Amino acid sequence: MRTHTILSLSLLAGLVALFGNAHAQQALLATTRADMQPHRLVSLPAPTAAIERKPVAFAWALDPSVALSQPAPLRASSREYWQTVDDVSLAKGLDLPTTAQGALIRISPAQGAAPLQEAALSVTDGKRPITIARLADAQSLQQAGMPVSAGTQVLRLGAGSGAGHAVLRASNARGNYVVHVFEPASDVVLDAQPSRNSGLAGQPMQVTIRASRSGVNAAAQVQALLVAPDGRNTPVSVQRAADGSLQAVFTPAGNSRTAGLWELQVFGMVGDAPRDVRTAFAIAQPTASFVGNLQQSTDMHVSLAVRAASAGRYEARGTLYATGPDGQLHAVSEAHAAAWMEPGQHRLTLPFAKAHLPIGYGAPFELRQLELHDQSRMAPLELRTRAARL
Amino acid sequence: MRMLTVLISTGVLTSRLPQATRQSLGTFWGESMRRVALAALLSCAAVFSTSTAHAADVTGVAFVHGTGKQTNAYQDYWQPTMVNNVRGGLANPANYVVINCDFTQYMWDSRAAGCLAGQLSSFIQSKSITRLIIITHSNGGNVMRWILSNPTYDSRYPNIINKIVRVDALAPSSAGTPLADAVINGNVFETSLGWLLGYKSDAVRQQQVSWMATYNANNLYGTAGRPSLPKLFRAVVGTDVETAVWDSDSYCGGYAENLGLETTQWWLDSCSDGFLNCSSQSAAGSVWFKDKTKMAGQEPLSHNQSRRACFGLDTVLRNDMK
C-alpha cells in the first residue's frame, strides 16, 4: 500500500512538472486603430458605492457556427424636434414647421406651469383649421409605461396637415412648456453616429452627422452639445468633411459625478425643417490597463497582467477562437475574470475550458475581443480586437 | 483556485472530461505532449477514480417584473391568475418566487440586479432548486441579461447562472424604446430637457434606444454579433395593440392601459406592442414565438397583456414548466 502511494505521488509530481509549470509568456499583439487603449492612467478616489470584493471567474461555451463581430455604433435618426416656449407664444400662436402629414405634437408643462386643457388647444395652417385627433391623456400614457409629465397633451394632426406650417394655440397656458413635434411620415432626417461605442477621457471622439431628404444627402446647419451623465454640457464645434458630411470632433474630459452615458446632442435645420438628434457613448477615466503580456497554462487558462492606477474592481473578458475542421478560426469560449485591485500590478486569469472545445477543434487558437472593464465605475477601459495568437 | 489548478494539472478532473475534450487537450499543447499526458492520465484515473451522486432535479420558476419599484408584484404586476396558472405546471407548484425589486434603477444597481440576485439566491437555497426557469417582462429582461452577461460583477451571479435552464423573456426591451427617448428628450441649449421636465428614472434613461445600443455593444451579450449568453434567452414578441370598446379582448389587462398603448404606438414601428418595437423585443437571444402564432384567436399581446393571463399566454408558459 505504502509502495502504491509513493508510486502515485511520483506520478503526480511528474504530471505537475509536465503541466503545472508549462506556462509560456508572450506579448499581446499590437493594437490597431479599431482598438482602444489608455495612453496614461489616472488616480481616482476609491469608489464609495458597495461593490463586490471577492474574485470571480466564469466561462461558457460558444456555438462555433455563429460568427461574432463587434456591432457598429448606432446611427441615430431623427424626424423630430423640441422647442421650449412660454405662455405668451402659445396664446399668440406657435409656428411649427412640418414636412409631412400626421405629425404628433406633445405639449408638456415645465415645472410650475399650468396643465393644459384639451378644449383650449387648436391648430391651424395659418388660415384654416387643421383637424386634430386628441389621443390618450397623460394618465393613460403613464399607465402604458410612458412617463410623461402631468398635464401633458398629445395631438395628432389630421386633414389639412402636411408640408408647411402648423400654428398651435393654447388659450389657458401659464408658464413654460416643452413642445415636441414628431413626424413619423417625414422624409427629412438628421442622423448622428459616433465613431465608436466607447472612448476614454482625454482621447478624441468623433460623431458623423448627416442630413437627408428623400434619402438624398441634404445641406444642414447644426449646433452640437456634449452632455455628461451628470448634466454638465459643453458646446462642440462641427466641421464639414470632404465627403460633405458634418463631423463633430471633441475630447471628453472630467469625471462625471453620476453613472450613465455621455451624449452628443445635435440641433439642426435641414432647410426649413428643424431636427434634433442625440447619440450616446460610454466615456471612461483611464484607471487601469493591460500591461501587455499574457501567460497561458496547460488547462487553457490565460493570465493577463493588469496595471491599476486607481483602487477598484477590474474585469478582463475575452473570446477564445479555435481552428475548426474547415481550417478557419471560430469562437468557442467566452471567459471573464474580475477582482478588486489596489493601485499596482495584478493578474486576472480567464478560465477558458477544454470542455468548451467541440470535436475537431484545436490549435492554433486566438484570443480576441479582449477587454478590460472598470466594474466599479461602469466603463470599458481597453479593447483589443485581436489580442494574441496562442 | 490553487487547489483546482492542481487537480486539473494532475488529471483528476481531466480524466473525467469527455473523449472529445481529452483529444483537444493534446491539440492545445502539441501532439508529443499529448501522448505522454494521456498515458499518465490513465494511470491517475485508476488511482483517483471517483463517483458522483446526483440528487433528483428540483425545478422552480421566478417571475421578474419590468420597470418600476415593486413591493407586491404578485398582486400588482403579474396578478394572481397569471402566477398561479403558470406555477401549476411545475412538479411542485410551491417552487416559485415573485421578485420585488427597484427596477427604476440602472440594471446593474444593487437595488436592481443586486436585489434580484439576492432574491434568486435565497429562493434557490431555500427550495434547493437545481433547475431554474426565469420569466421576465419588459425591462426585467435587461436586468436578467445583465446578470447573464456579467457573471463576475457579483459573486452570487455564477451560482444563479449555473441553475438557470432558460429565460422566457416576455416582450423584453432589449434594444430600448423610442418612448424613453421621447420623454427624456434633450434640446435646449441652456441645459438638458430631462432636467427641465423633471428627472426621469435611470431605468427610463437606460432604455433610450441609443443608450441600449451602447450597453448592448459594451456590457451585454446576446444581440447580433455579440457572444451568446451562457443560458438560453428566448423572447415572446407582442406585435400589435387592439382596442375597441365593443371587443372584450381589449379589456384583458385593462382597457385604459391598452388605450394608452394605442396612442404610444404612434411613436413606434408598424410592428409593436404599444411600448416596444418588435425589433427591440427580438434583439437579444432567440424569438420563442410571436404572439399571434400561439395566442387564442390569433390575438396580439399588447405590452400590458404580455404579463397577464390573456389569450392563453399563461397556459403556454404553464406547459413549458418542464
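Residues numbered from 1 in each chain as written. Chains lettered and ligands numbered in written order. Predicted model: local features only at pLDDT ≥ 70, side-chain atom pairs only at ≥ 80, totals over all residues. Heavy atoms only, no water.

Read across the open sheet, the five strands follow the order E13-E21-E20-E16-E17 (chain A); overall the sheet is mixed. On the outer flanks of this sheet lie strand E13 (198-200) and strand E17 (233-236) of chain A, each paired with one strand and no other. The sheet shows a mean angle of 30 degrees between the axes of neighbouring strands, direction not considered. Relative to the sheet, helix H12 (residues 209-218) of chain B contacts E13, strand E20 (262-270) and strand E21 (273-284) of chain A, its axis offset from that of E21 of chain A by approximately 30 degrees. (Pairing = 2+ DSSP bridges. Helix = DSSP H or I, 4+ residues; strand = E, 2+ residues; numbered from the N terminus. Axes fitted to C-alpha atoms, helices over the stretch in contact; angles between N-to-C directions. Contact = heavy atoms within 4.5 Å.)

The subject of this paragraph is the state of the cysteines. All names here are of chain B. Counting across every chain of the model gives three disulfides over all chains. A disulfide bridge connects cysteine 101 with cysteine 115, and the sulfur atoms are separated by 2.0 Å. Because the sign of the S-S torsion sets the handedness, a value of about -85 degrees for the bond joining cysteine 101 and cysteine 115 places this disulfide among the left-handed ones. One end of the pair, cysteine 101, is in the loop between strand E2 (96-98) and helix H6 (110-127); the other, cysteine 115, is in helix H6, and 14 residues separate them in sequence. Side by side, cysteine 101 and cysteine 115 carry an identical accessibility label, which is buried. Each sulfur of the disulfide joining cysteine 271 and cysteine 278 lies 1.9 Å from the other. Judged by the sign of its S-S torsion, about -80 degrees, the cystine formed by cysteine 271 and cysteine 278 is left-handed. What makes cysteine 278 buried here is its relative accessible area of 6%. If the cysteines joined by disulfides in chain B are listed in sequence order, their pairing comes out as 1-2, 3-6, 4-5. (Disulfide = S-S within 2.5 Å. Buried < 20%, exposed > 50% of the residue type's maximum accessible area, 1.4 Å probe, protein only.)

Residue and element names in this part refer to chain A. Strand order in the open sheet formed by five strands is E2-E25-E24-E27-E28, and the pairing between neighbours is antiparallel. Unpaired on one side and paired on the other, strand E2 (56-61) and strand E28 (379-389) mark the two borders of the sheet. Between one strand axis and the next, the sheet turns through 15 degrees on average, direction left out of account. Pairing analysis gives 12 bridges linking strand E24 (residues 312-323) to strand E25 (residues 329-341), with the strands arranged antiparallel. Its bridge partner lying in E25, arginine 317 is registered against histidine 336.

Before going further, it helps to examine the pairing of strand E27 (residues 362-374) of chain A. Residues and elements named next belong to chain A. Of all 13 residues in E27, 10 are buried; the element is thus mostly enclosed. When E27 meets E28, the two strands line up antiparallel, connected through eight bridges. What sits directly across from aspartate 374, in E28, is alanine 379.

Looking now at the packing of aromatic side chains. Residue and element names in this part refer to chain B. Per the stated rule, a full pass over the model turns up 12 aromatic pairs over all chains. When the centroid spacing of 5.9 Å and the interplanar angle of 50 degrees are considered together, the rings of tryptophan 108 and tryptophan 146 count as tilted. Linking tryptophan 108 in the loop between E2 and H6 with tryptophan 146 in helix H7 (residues 140-149), this pair joins segments that are 38 residues apart in sequence. Arranged with centres 5.2 Å apart and planes meeting at 85 degrees, the rings of tryptophan 146 and tyrosine 153 form a pair that is edge-to-face. You'll find tryptophan 146 and tyrosine 153 in the same group, each marked buried. An aromatic cluster is present here, built from Tyr106, Trp108, Trp146, Tyr153, Tyr157, Trp211 and Tyr215 joined pairwise through their rings. Taking the ring centre of phenylalanine 289 as reference, the NZ or CZ of lysine 294 above it sits at 5.6 Å. Between the NZ or CZ atom of arginine 307 and the centre of the ring of tyrosine 77, over which it lies, the distance is 4.4 Å. (Phe/Tyr/Trp six-rings, centres within 6.5 Å; stacked < 30°, edge-to-face > 60°. Lys NZ or Arg CZ within 6 Å of the ring centre and 35° of its normal.)

This next bit is on the confidence of the model for chain A. Should the pLDDT be low somewhere, the predicted coordinates at that spot are not to be read in detail. Here chain A averages 90 in pLDDT, while 94% of its residues score no lower than 70. Segment residues 1-21 of chain A is flagged for pLDDT under 50; beyond a separation of four residues in sequence, or across chains, it makes 23 contacts in the model. (pLDDT = per-residue confidence, 0-100.)

Tracing the chain through its elements places threonine 32 of chain A in the loop between strand E1 (24-27) and E2. With 352 residues separating them in the primary sequence, threonine 32 of chain A and arginine 384 of chain A have C-alpha atoms 7.9 Å apart.

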